[in-house]
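Next come the chains, spelled out residue by residue.
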Amino acid sequence: EAGVAQSPRYKIIEKRQSVAFWCNPISGHATLYWYQQILGQGPKLLIQFQNNGVVDDSQLPKDRFSAERLKGVDSTLKIQPAKLEDSAVYLCASSERTSGYNEQFFGPGTRLTVL
Amino acid sequence: AQSVTQLGSHVSVSEGALVLLRCNYSSSVPPYLFWYVQYPNQGLQLLLKYTSAATLVKGINGFEAEFKKSETSFHLTKPSAHMSDAAEYFCAVKSGNTGKLIFGQGTTLQVKP
């Protein structure tokens, strides 16, 4: 079974530039999560999709971050314009459902450096 | 609101020694608890999860954790550390009905030869 795929793995940009990350979840997983992991901290949820609808985006900085999950499969997370404090690893995860003890499967992450 | 606190950002043990990584949780409802491991430049991998079927949970790679409601703890242990156990370990609690995870700040495990 293929895991969660993310690209690119690494990205370096200047502040005020824009950047986009892509995630392909495990086939059949209805729920998709984007987490931000700042160095030395645990991952923090940015946005959660159930199929192609948003379940939780309460911690997404909506003035600069946007995300979409067209057709309920792949997802894209965008930052425009980027700030220095956006330097982090962006992790995508997916799960079959949200109830019970469902396991979230994580991709390898995209490491973003904003200069 | 649910939260987790991991005591000790860095733990160093000798190869073959006991590993103990501490996690305390806060939850107003019976918690769903998890331990994840993250190797350098990789995503998170599930080690084990508390399912309420048993208070002692066994996971992969010889790790286990004990749920203690009276102490609101879910500490991770391994009887004998191996060099390959060196990694970042995260305790997490499931929040509400949406399925999102609230993570602790992580504990870096160093294993010395």
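The structure under discussion appears in the preceding block.
Residues numbered from 1 in each chain as written. Chains lettered and ligands numbered in written order. Predicted model: local features only at pLDDT ≥ 70, side-chain atom pairs only at ≥ 80, totals over all residues. Heavy atoms only, no water.

Novice: What is the right way to read the overall build of chain A from this model?
Specialist: The number of helices and strands found in chain A is zero helices and 11 strands. In sequence order, chain A lays out its α and β elements as β-β-β-β-β-β-β-β-β-β-β. Since a compact globule built from 115 residues should have a radius of gyration of about 13 Å, the 13 Å found for chain A is in line with a globular shape. By residue count, 46% of the 115 residues in chain A fall in the buried class. Put simply, 54% of the contacts in chain A that link residues at least 6 apart link residues at least 24 apart. (Helix = DSSP H or I, 4+ residues; strand = E, 2+ residues; numbered from the N terminus. Rg over C-alpha atoms; globule rule 2.2 N^0.38 Å. Buried < 20%, exposed > 50% of the residue type's maximum accessible area, 1.4 Å probe, protein only. Contact = heavy atoms within 4.5 Å.)

Novice: How should the side chain of Thr31(A) be read in this particular structure?
Specialist: Residue and element names in this part refer to chain A. Following the sequence through the fold, Thr31 ends up in strand β4 (residues 31–37). A polar contact is formed between the side chain of Thr31 and the side chain of Gln50, at a distance of 2.6 Å. Not counting the four nearest positions on each side in its chain, Thr31 is found in contact with Gln48, Phe49, Gln50, Arg69, Ala93, Ser94, Ser95, Arg97 and Thr98. (Polar contact = N/O pair within 3.5 Å; in protein donor to acceptor, adjacent residues only side chain to side chain.)

Novice: Honestly, the interface of chain A and chain B in this entry has me stumped. Any pointers?
Specialist: By a widely used convention, the size of an interface equals the accessible area lost when the partners come together. Every contact between the two is made by 27 residues of chain A and, on the other side, 23 residues of chain B. Between chain A and chain B the total buried area reaches about 1,900 Å² when both faces are included, carbon and sulfur atoms providing 49% of it. At the boundary of chain A and chain B, one finds one salt bridge. With a shortest N-O distance of 3.4 Å, Asp56(A) and Lys100(B) are connected by a salt bridge. The interface formed by chain A and chain B contains five residue pairs in polar contact (both at pLDDT 80 or more). Listed by contribution, the elements that provide at least two residues to the side of chain A that touches chain B are β4, β5 (44–50) and β6 (53–56) of chain A. In terms of residues, the side of chain A that touches chain B owes the most to one element, β4(A), which gives three residues. (Buried area = accessible area lost by both parts, 1.4 Å probe. Salt bridge = Lys/Arg side-chain N within 4 Å of Asp/Glu carboxyl O.)

Novice: How should the sheet that holds strand β8 (residues 75–79) of chain A be read in this particular structure?
Specialist: Remark on secondary structure: sheet strands pair via backbone hydrogen bonds, oriented parallel or antiparallel. All names here are of chain A. The strand order across the open sheet formed by four strands is β1-β3-β8-β7, and the pairing between neighbours is antiparallel. Each of the sheet's edge strands pairs with one partner strand only, and the pair in question is β1 (5–7) and β7 (65–68). On average, adjacent strands in this sheet sit at an angle of 15° to one another, irrespective of strand direction. Where β7 lies against β8, four bridges are found, and the strand directions are antiparallel. The residue of β8 that forms the bridge with Ala67 is Leu77. (Pairing = 2+ DSSP bridges. Axes fitted to C-alpha atoms, helices over the stretch in contact; angles between N-to-C directions.)

Novice: Can you help me understand the sheet that holds strand β8 (residues 73–78) of chain B in this one?
Specialist: Residues and elements named next belong to chain B. Pairing is antiparallel across the open sheet formed by five strands, whose spatial order is β1-β3-β8-β7-β6. Each edge of the sheet is formed by a strand with only one pairing partner; in this case those strands are β1 (3–7) and β6 (56–58). Averaged over neighbouring strand pairs, the angle between their axes works out to 20° when direction is ignored. The pairing of strand β3 (residues 19–26) with β8 spans four bridges and is antiparallel. From the neighbouring strand, Leu21 faces β8, where its bridge partner is Leu76.

Novice: Sorry if this is basic, but what is going on with the pattern of salt bridges here?
Specialist: When charged atoms on two side chains of opposite charge get close, those side chains can pair. What the rule picks out here adds up to five salt bridges over all chains. With a shortest N-O distance of 3.8 Å, Lys62(A) and Asp57(A) are connected by a salt bridge. Overall, Asp57(A) belongs to the partly exposed group, its relative accessible area being 26%. When the shortest N-O distance is used, the salt bridge between Lys78(B) and Asp85(B) registers 2.8 Å.

Novice: Could you clarify how one ought to interpret the packing of aromatic side chains in this entry?
Specialist: Here a ring pair, both rings aromatic, is described through the centre-centre distance and the interplanar angle of the planes. Here the structure, examined in full by the defined rule, presents 14 aromatic pairs over all chains. Ring centres of Phe65(A) and Tyr90(A) lie 6.4 Å apart, and the angle between their planes is 40°; this geometry places the pair in the tilted category. Taken together, the positions of Phe65(A) in strand β7 and Tyr90(A) in strand β9 (residues 88–95) put the pair 25 residues apart, joining distant regions of the chain. The same class applies to Phe65(A) and to Tyr90(A), which are both buried. Taking 6.2 Å as the distance between ring centres and 90° as the angle between the ring planes, the aromatic pair formed by Phe90(B) and Phe103(B) counts as edge-to-face. You can see Phe90(B) sitting in strand β9 (residues 87–95) and its partner Phe103(B) sitting in strand β10 (residues 100–103), a full 13 residues away along the chain. Assessed through its relative accessible area of 1%, Phe90(B) is described here as buried. (Phe/Tyr/Trp six-rings, centres within 6.5 Å; stacked < 30°, edge-to-face > 60°.)

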